[in-house]
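Next come the chains, spelled out residue by residue.
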Amino acid sequence: MEEERPRKRDRIIKGFSKLLKEDKLKAVSEYIENPGEFIALLKGFWYSDTEKQKQFDEFSENTISNFHIPYGVSPNVVINGKIYMVPMVIEESSVVAAASAAAKFWGDRGGFHAEVIDVQKVGQLHFCYKGDKEVLKNLMPEIETALRTSTKDITAKMEKRGGGILDIQLVDFTDKIPDYYQLRVTFNTGDAMGANFINSCLETFGHTLQDYFLRRGENVEIVMAILSNYTPNCRVKVWVECPVYDLDGVDEHLDGQGFAEKFKKAVDIAHIDEYRATTHNKGIYNGIDAVVIATGNDFRATEAAGHAYASRNGHYESLSTCEIKDGMFKFWLEVPIALGTVGGLTSLHPLAKESLELLGHPSAPELMTIAATMGLANNYAAVKSLTTKGIQQGHMKMHLANILNQLGATDEQKAAALVHFKDVTVTYAGVEEFLKTTNTK
Ligand code: MEV
């Protein structure tokens, strides 16, 4: 009789984080039908260079293996007249191809144009104060001096690099939550993403504020101190433009004017309907996130900022806009992106370091223009496909390799399929059928 393997699924594991990596892997393998295969597979993704593997293990907690995502590049991306080879880390098959095609198209039409609007980051000290509101407001200049003095040690280095604390505002929320105020603090963090710098300043502010009121014989409750990922004033604008007649030939059925009008209609729809806006903006983040990840930055932070910004007018809408005026087609994206090119994972992850070198060691503002450009490039490519031949044809072509792998096709079958599906729409069932008819397997 087959022995039944113990399953841990219905039991709490105590002290898991303290186990050695090998033991963690073993414990996890008990959730799997074939633990031996599982352990071998996960170990197969470990680096043989133990130092390198240790570096990855230490990025996070409870690490048992590495999860690979393709690292691609989009060449010939022209931004403000400079040519970039842009690294993109993304698993979705058509994104890099779409970005590259859009980069080529717009490269022939003057390239992408970009302008960094501002680079301000924000942090908040949330606190409650039961005393007189007017007294608090009047004390603010003195409080601000105390706060700035208390963080001198932290800000000195940043100030040398041209950054530091820009502004401290008292925001009164007592009409919404009793006694609740916040200090909204604006920072310039130079080429660093600045999360640690901002949070250190804010936590020190918390102690300083508490001490300040204690000396007055009063109390403040510090609720929390943390940066805000909403950075509307760390914003970049990128755009493309060309005479409408330069769009002749983009669609086989419409002239340049017809294509431009249909394209603009699709973008306008994303301004009025949040269902479409969400997908439209997701297409933008296909490009932005790929660069953000490749350069070791935090894609959750940039997404959160972008989606909040997309709601700034009271409803969620497109981050990009299209205009046709005086015979010119203009398409732009304005988006907050807080990025760093020094510190954090940018210097720890070996591939992030290479990505930054590939880009010519950009400053943080320059990297903002590059990430936003890839967002606009992907957005243009997606909306162009949607308003012309549809998305599936190109998407499924790129997905063909995945389907073939999933169905276990041989190299000969793969080669034959590439030829067969050149002019045939790719579907899962179609590929399955094709493999049945080829006798090379
Ligand atoms: C797919 O990842 C992204 C698109 O859905 C974007 C869009 O609809 O604009 C194609």
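The following paragraphs examine the structure supplied in this document. (Residues numbered from 1 in each chain as written. Predicted model: local features only at pLDDT ≥ 70, side-chain atom pairs only at ≥ 80, totals over all residues. Heavy atoms only, no water.)

**Observations concerning the overall build of the protein**
Our working rule: Helix and strand labels come from DSSP, where a helix needs a run of H or I of at least four residues and a strand needs a run of E of at least two; each type is numbered from the N terminus. Type-normalised accessible area, obtained with a 1.4 Å probe on protein chains alone, sets the label of each residue: buried when under 20%, exposed when over 50%, and partly exposed for intermediate values. Any pair of residues with heavy atoms lying within 4.5 Å of one another is described as a contacting pair. A 1.4 Å probe and the Shrake-Rupley method give the accessible areas. Residues count as covered only by the protein chains that appear here. Counting rule applied: Lys, Arg positive; Asp, Glu negative; His and chain ends not counted. Lysine's charge is taken at NZ, arginine's at CZ, aspartate's at CG and glutamate's at CD.
Along the backbone of the protein there are 16 helices and 10 strands. Summarising its shape, the C-alpha atoms of the protein cover approximately 90 × 80 × 40 Å along the three principal directions. With 441 residues in all, the protein has 45% of them scored as buried. Put simply, of all contacts in the protein between residues at least 6 apart along the chain, 70% involve residues at least 24 apart. About 23,200 Å² of surface is accessible on the protein, with carbon and sulfur atoms providing 54% of the total. Here the protein carries 48 positive and 59 negative side-chain charges, and the mean point of each set is 2 Å from the other.

**Description of the pattern of salt bridges**
Our working rule: In the sections that follow, a salt bridge refers to a side-chain nitrogen of Lys or Arg positioned within 4 Å of a carboxyl oxygen of Asp or Glu.
Here the structure, examined in full by the defined rule, presents 15 salt bridges. A salt bridge links Asp175 to Lys176, with the nearest nitrogen and oxygen atoms 3.9 Å apart.

**A few points about the environment of Leu376**
Relative to the assigned elements, Leu376 resides in helix α13 (residues 364-387). Along the primary structure Leu376 and Phe112 are separated by 264 residues, whereas in three dimensions their C-alpha atoms are 9.0 Å apart. Apart from residues lying up to four places away in sequence, Leu376 is in contact with Phe112, Val238, Trp239, Val240, Phe331, Trp332 and Leu333.

**Remarks on the packing of aromatic side chains**
This is how it is decided: Planes of paired rings set the category: under 30 degrees apart is stacked, over 60 is edge-to-face and the rest tilted, where pairs are Phe, Tyr or Trp rings (Trp by its six-membered ring) whose centres lie within 6.5 Å.
Applying the stated criterion across every chain yields a total of 16 aromatic pairs. A centroid spacing of 5.8 Å and a plane angle of 20 degrees characterise the contact between Phe127 and Tyr181, whose relative ring orientation is stacked. Here the residue Phe127 occupies a position in strand β4 (residues 121-129), and Tyr181 occupies one in strand β6 (residues 180-188), the gap between them amounting to 54 residues. With relative accessibility at 2%, the residue Tyr181 sits in the buried group. With a centroid separation of 4.8 Å and an interplanar angle of 45 degrees, the aromatic rings of Tyr129 and Phe213 are classed as tilted.

**Quick word on the site of the ligand**
Inclusion rule: Near is defined per residue: the residue qualifies when any heavy atom it owns lies within 4 Å of the molecule or strand. Identification of polar contacts relies on pairs of N or O atoms within 3.5 Å, with a donor-acceptor requirement for protein atoms, meaning one able to donate a hydrogen and the other able to accept it, and with residues adjacent in sequence counted only if both atoms are side-chain atoms.
In the vicinity of the ligand, the contacting residues are Glu92, Arg276, Thr279, His280, Lys282, Gly283, Asn286, Ala382, Leu386 and Ile391. Within the side chain of Arg276, one N or O atom sits 2.7 Å away from an oxygen atom of the ligand. Between the ligand and Asn286, the relevant distance is 2.9 Å, taken from an oxygen atom to a side-chain nitrogen or oxygen of the residue. Elements represented by at least two residues in the shell around the ligand include exactly α9 (274-294) and α13.

**Observations regarding the environment of Asp326**
Within the secondary structure, Asp326 sits in the loop between β9 (320-325) and β10 (328-336). Each C-alpha atom, one on Asp326 and one on Met374, is 27 Å from the other, the two residues being 48 residues apart in sequence.

**A look at α13**
Condition: One fewer than the residue count of a helix, multiplied by 1.5 Å, yields its expected span.
Compared with an ideal rise of 1.5 Å per residue, which puts 24 residues at 34 Å, α13 spans 35 Å between its outermost C-alpha atoms and is within 8% of the ideal. The element α13 is extensively covered by neighbouring structure, given that 20 of its 24 residues are classed as buried.

**Re the environment of Gln53**
Here Gln53 shows up in helix α3 (residues 50-57). You can call Gln53 buried: its relative accessible area is 4%. Leaving out residues up to four positions away in the same chain, Gln53 has contacts with Lys21, Phe45, Trp46, Tyr47 and Asn66. Side chain to side chain, Gln53 and Asp57 meet in a polar contact 2.7 Å long.

**Observations regarding the sheet that holds β4**
Where we set the bar: In this analysis, strands are considered paired if DSSP registers two or more bridges between them. Here, axes are lines fitted to C-alpha atoms. For helices the fit covers the stretch in contact, and angles between N-to-C directions go from 0 to 180 degrees.
The strand order across the open sheet formed by 4 strands is β5-β6-β4-β7, and the pairing between neighbours is antiparallel. Strand pairing shows two members of the sheet lacking a second neighbour, β5 (164-172) and β7 (220-228), which therefore form its edges. Looking at each pair of strands side by side, their axes are set apart by 20 degrees on average, direction ignored. As paired strands, β5 and β6 are joined by 8 bridges and run antiparallel to one another. Each residue of the ladder has a partner; that of Ile165, found in β6, is Phe187. Against the sheet, helix α5 (residues 133-150) engages β4, β5 and β6, with an angle of about 165 degrees to β5.

**Points about the packing of α9 against helix α10 (residues 299-309)**
Put simply, the rule reads: Orientation is classified from the angle alone, with under 35 degrees giving roughly parallel, over 145 giving roughly antiparallel, 65 to 115 giving roughly perpendicular, and any other angle giving oblique. Crossings are classed by handedness, with left-handed meaning an anticlockwise turn of the near helix from the far one by less than a right angle and right-handed meaning a clockwise turn.
It is at 10 Å that the axes of α9 and α10 come closest, and there the two elements cross at 150 degrees. By the angle between their directions, the pair α9 and α10 is classed as roughly antiparallel. Crossing hand, α9 versus α10: right-handed. Mapping the contact onto sequence places Asn281, Tyr285, Asp289, Val292 and Ile293 in α9 and Phe299, Thr302, Glu303, Gly306 and His307 in α10.

**Topic: the packing of helix α8 (residues 256-272) against α9**
For clarity, the cut-off: For this scheme, ten residues count as nonpolar: Ala, Val, Leu, Ile, Met, Phe, Trp, Tyr, Cys and Pro. Four count as charged, namely Asp, Glu, Lys and Arg, and the remainder, Gly too, count as polar.
It is at 6 Å that the axes of α8 and α9 come closest, and there the two elements cross at 115 degrees. In terms of crossing hand, the pair formed by α8 and α9 is left-handed. Listed contacts from α9 to Val267, Ile269, Ala270 and Ile272 of α8 are Glu274, Arg276, Ala277 and His280. Residues belonging to the contact of α8 with α9 are distributed by class as follows: 5 nonpolar, 1 polar and 2 charged.

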